[in-house]
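Observations on the three-dimensional arrangement
Take a look at the letters that make up each chain.
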Amino acid sequence: MHGKRRPIPKVATQIAGLDQILEGGFPRGRTTLVCGGPGSGKTVLGLEFLCRGAMAGQPGVFVTFEERAGAIRMNARSMGWNLAALEKAGKIAIVEARLPGEEVRSGDFDIQGMLAIVGGHVKRIRAKRIVMDALDVLLRIYDDLNRERNELFRLHDWLTDRGLTSVLSVKSHRDDAQQMSQYEFLDFMADCVIRLDHRVVGQVATRRLRVIKYRGSGFGTNEYPYVFGEHGIVLFPLTTAELTHQPLGPKVSTGLKGLDLMLDGGFRRASCVLISGNSGAGKTTLASTFAHAACRRGERVLSLNFEESKEALISGMLSPGIDLRPAIRARKLLFQTAMPESIGSDGHLGRTILALDSFKPNHLILDAVSACLRMGSEQAAFDFMMRLISVVKERGITSILTNQVNGQTSSDEEISGVGFSSVVDAVVQLRFVETDQEVNRQIFIVKSRGSAHSNRRQAYVITNRGIEFTDKPQPPPVRAGSAGRKDGGK
Amino acid sequence: MSKSLQAGRRAGKGQSRHYLLRLFIAGNGQNSQTALANLRGLCREYLNGRCTIETIDVVKDFEAAVRDNILVTPALILVDPRPRVMVLGNLSDLPKVLAALRLSGTES
């Protein structure tokens, strides 16, 4: 076996992330089984496989046993695929296989009629791919398990004889014993078996894809989260993320001269910066100051907001004199706001990745990490943060995260947030300091990887001209052995 | 409902009505041959030959299968007299077929 296994021919699905998991795609000329519960996306997966094939010159037939052709076309349209046009061009054929319901039955019958119809369409458009959606409905016309199996064998042979790359989808309900035995048989018959899982964790829906088997091929064995993006299914095979992080880049201004001084020039590009502090300490103001300055330099900033609406944020920032509107108008600043509990951590990650793909920002702001806990569970928040930071680091994007802490916690706890301190490169702490007369704010650099930083707590106020330091900020202390260091730009 | 009942009664009475039966088969498969033999027998014995059997092989004429949405074969359609009825299978359960074609009770 070793070294002698020839790679089997495959057909790329071009579904984002799936080919990576399947090490190339579905087995060419063979059968792939996709099973999953209602709403898990079996139909969309099949449709996307067919549409992407058709658009790349590989015609395909879509056989639907459950939904009407019109519903399939609408479903496709919502993903931006124009089925009607592809049908007209002879690239796709939809076969509405509405099975007999109340008809009288007398004696044995078989599915030759359906095969004849499907075969006619296959011939007509010279189909290379075929999707049979909700095959379980077809099986239901028999009451006899043996007959079902015979017909499945017939179908399987028929598909294989024609060299069609086939995707069969079946609805599965985990707690149905008889159905389980059917699927065992289907699993055995198919060369590749994919399971889609749609579950609710902490009141938030998450979707996972798993490859159960792939005859003659390796495959990613994890469970992969997926979401329905604007143009189809998006999977996140984060198999090699850690290995491809970009190194920390040159300095980038924080937007505050004083803070730049404290950080020996600013944050480092492609680093992950955490701004932590109590409510009202100025975390969002500091992040907005950074965004404002970056946009003025002509760089792009994507701002994810889980706490406030875009409008509330814009008007809120006018008070400390930060006008974000010109940056938005110039398409340098893009807001993506959402309720954390609205779509689940996978959904948020999917949306964000799509925005990263299309907007290609230099920097990302996430306000706030603490709100991510509302995505369902601590685990969901952790997954979201880890994956997001991984993705932005891969792309060399600077990320500024804000995290709200309650009460006077020690800096260690503040850093940990939802437990991802290892990927955080710099931590800026904002806090209130009470004296007899007043409450003051102080900023402190807890850590800054790959950079010197001030060891002093600097007092600041938030005025209508933004954040201002009350004392002159001090540059990092000059340590022994760092001769020749520039003078902090005094 | 009442309309179809009436139609059924009329068909039962009108023993001289001519029957148009359309049988969909698939090639020379066992079920197809059995269905054809069963239908011919039924025509002879219960309709005294007052019937036309239109046989369509879906393997040769898939458009016809598309027109009548024939997904399983054999499939028998009673085209005339109305209302239209479809019977699936090789027609080996004679009483069931007779009932479906509204011919029950006419065999005595």
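Predicted, not measured: the structure shown is a model, and the values here were computed from it. (Residues numbered from 1 in each chain as written. Chains lettered and ligands numbered in written order. Predicted model: local features only at pLDDT ≥ 70, side-chain atom pairs only at ≥ 80, totals over all residues. Heavy atoms only, no water.)

**Comments concerning the overall build of chain A**
Check the secondary structure of chain A and you find 16 helices and 23 strands. Looking at chain A residue by residue over its 490 residues, the buried ones come to 54%. Look at the contacts in chain A between residues 6 or more apart in sequence, and 70% of them connect residues 24 or more apart. Counting only carbon and sulfur atoms, one obtains 48% of the accessible surface of chain A, whose full area is about 21,700 Å². (Helix = DSSP H or I, 4+ residues; strand = E, 2+ residues; numbered from the N terminus. Buried < 20%, exposed > 50% of the residue type's maximum accessible area, 1.4 Å probe, protein only. Contact = heavy atoms within 4.5 Å. Areas by Shrake-Rupley, 256 points an atom, 1.4 Å probe, with all protein chains shown as cover.)

**Here we look at the overall build of chain B**
Across its full length, chain B holds four helices and four strands. Counting helices and strands in the order they occur from the N terminus, chain B gives α-β-α-β-α-β-β-α. Pairs at least 24 residues apart make up 66% of the contacts formed inside chain B by residues separated by at least 6 positions. Total accessible area computed for chain B in this model is approximately 5,600 Å², and 50% of it derives from carbon and sulfur atoms.

**A closer look at helix H2 (residues 30–47) of chain B**
The α-helix advances 3.6 residues per turn, and as a result positions three or four apart in sequence lie on the same side. All names here are of chain B. Over its 18 residues, H2 runs 25 Å from end to end, which matches the ideal 26 Å to within 8%, given 1.5 Å per residue. Of the residues making up H2, those classed as buried are Asn31, Ser32, Ala35, Leu36, Leu39, Gly41, Leu42, Cys43 and Leu47. Following H2 by one or two positions, Asn48 adopts a phi angle in the positive range, close to 50°. (Expected span 1.5 Å × (residues − 1).)

**Quick look at the pattern of salt bridges**
As enumerated under the stated definition, the model contains 24 salt bridges over all chains in all. Between Lys393 of chain A and Asp425 of chain A there is a salt bridge, with its nearest N and O atoms 3.0 Å apart. Of this pair, Lys393 of chain A sits in helix H15 (residues 378–394) while Asp425 of chain A sits in the loop between helix H16 (411–416) and strand S20 (426–434), and the two are 32 residues apart along the sequence. One exposure class covers both Lys393 of chain A and Asp425 of chain A, and it is buried. The residue Lys60 of chain B makes a salt bridge to Asp57 of chain B at a minimum N-O spacing of 3.9 Å. One network of salt bridges, with partners in common, ties together Asp108, Asp110, Arg147, Glu151 and Arg154 of chain A. (Salt bridge = Lys/Arg side-chain N within 4 Å of Asp/Glu carboxyl O.)

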